[in-house]
Amino acid sequence: MLDCIFCKIINKEIPSSIVYEDEKVIAFKDINPQAPIHLLIVPKKHIPSLLEIEEKDSYLLTEIIKIIKELAKANNIDDKGFRVVVNTGDEGGQTVHHLHFHLLGGRFMTWPPG
Ligand code: 5GP
Ligand code: ZN
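Residues numbered from 1 in each chain as written. Chains lettered and ligands numbered in written order. Predicted model: local features only at pLDDT ≥ 70, side-chain atom pairs only at ≥ 80, totals over all residues. Heavy atoms only, no water.

**Overview of the coordination of the zinc ion (ligand 2)**
- Protein-derived coordination of the zinc ion (ligand 2) comes from Cys4 (SG), Cys7 (SG), His46 (ND1) and His98 (ND1), at a distance range of 2.0 to 2.3 Å.
- One can describe the donor arrangement at the zinc ion (ligand 2) as tetrahedral, given that its 4 donor atoms subtend angles of 102 to 116° at the metal.
- Sequence spacing of the donor residues for the zinc ion (ligand 2), all on one chain, is C-x2-C-x38-H-x51-H. With His46 in the loop between strand E3 (37-43) and helix H2 (58-74) and His98 in the loop between strand E4 (82-85) and strand E5 (101-105), this residue pair connects regions lying 52 residues apart in the sequence. (Donors = N, O, S within 2.8 Å, 3.2 Å for Na, K, Ca; no water. Tetrahedral: all angles 85-135°; square planar, octahedral: opposite > 155°, others 65-115°. Helix = DSSP H or I, 4+ residues; strand = E, 2+ residues; numbered from the N terminus.)

**As for the packing of aromatic side chains**
- This structure, assessed with the given rule, holds 1 aromatic pair.
- Taken together, a centroid distance of 5.4 Å and an interplanar angle of 80° make the contact between Phe6 and Phe28 edge-to-face. Here Phe28 lies in strand E2 (residues 25-29) and Phe6 lies in helix H1 (residues 5-10), a separation of 22 residues in the sequence.
- Using a relative accessible area of 6% as the deciding quantity, one classes Phe6 as buried. (Phe/Tyr/Trp six-rings, centres within 6.5 Å; stacked < 30°, edge-to-face > 60°. Buried < 20%, exposed > 50% of the residue type's maximum accessible area, 1.4 Å probe, protein only.)

**Notes on the site of ligand 1**
- Residues in contact with ligand 1 amount to 16 residues; listed here are only the nearest, Lys29, Asp30, Asn87, Thr95 and His102.
- Within the backbone of Ile31, an N or O atom sits 3.3 Å from a nitrogen atom of ligand 1.
- Here Asn87 contributes a side-chain N or O atom positioned 2.8 Å from an oxygen atom of ligand 1.
- Relative to its free-state accessible area of 520 Å², ligand 1 is covered by the protein chains to the extent of 83%.
- Mapped onto the shell around ligand 1, the elements with two or more residues apiece are H1 and E2. (Near = heavy atom within 4 Å. Polar contact = N/O pair within 3.5 Å; in protein donor to acceptor, adjacent residues only side chain to side chain. Areas by Shrake-Rupley, 256 points an atom, 1.4 Å probe, with all protein chains shown as cover.)

**Thoughts on the sheet that holds strand E1 (residues 18-21)**
- Taken in spatial order, the 5 strands of this open sheet run E1-E2-E3-E5-E4, and their pairing is antiparallel. Each edge of the open sheet is held by one strand with a lone partner, namely E1 and E4. Averaged over all pairs of adjacent strands, the angle between strand axes in this sheet comes to 20°, irrespective of strand direction.
- Looking at chain direction, E2 and E3 are connected through 5 bridges and run antiparallel. Its bridge partner being in E3, Val25 is matched across the sheet by Pro43. (Pairing = 2+ DSSP bridges. Axes fitted to C-alpha atoms, helices over the stretch in contact; angles between N-to-C directions.)

**Some points on the pairing of E3**
- Counting buried positions along E3 gives 7 out of 7 residues, so the element sits mostly inside the fold.
- Of the two faces of E3, the one holding Ile37, Leu39, Ile41 and Pro43 and the one holding His38, Leu40 and Val42 are both buried throughout.
- Here E3 pairs with E5 via 5 bridges, running antiparallel. Residue pairing in the sheet places Ile41 in a bridge with Phe101 of E5.

**Overview of H2**
- An ideal rise of 1.5 Å per residue puts 24 Å on 17 residues; H2 measures up with 25 Å between its terminal C-alpha atoms.
- Buried residues along H2 sit in contact with E1, E2, E3, E4 and E5.
- Directly beyond the C-terminal end of H2, a positive phi value near 55° is found at Asn76. (Expected span 1.5 Å × (residues − 1). Contact = heavy atoms within 4.5 Å.)

Interpretation in functional terms is not warranted from these geometric data alone.
Given below as structure tokens:
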């Protein structure tokens, strides 16, 4: 998508700190981290939100969970614990309309979230 900031990151039109990349998925550091570890795991396919995930995209979810586990281990937060967030829609706090999974860790998380 032309106007999508994450598509631009995927296409290397704008820089980011990439921590993982394969054919279908990219992960990079959030520009405005909310925890010591704050990564975004993003399918390269432009899917606007969780609501638009179709049956044929389900392989992506398996792949993304695998990558989240690997990144949690690589960042030593697998034992301590971490949080995975998918903000969806306005009231869900979604600001970038390209599906992404936040991986947050390195501090105690509170509940309920703000
Ligand atoms: P959302 O609010 O949609 O759940 O999450 C969007 C996230 O993308 C935010 O945490 C925000 O800090 C991050 N973000 C927005 N623009 C950029 C950017 O250009 N580069 C990076 N690395 N992160 C971004
Ligand atoms: Zn996009």
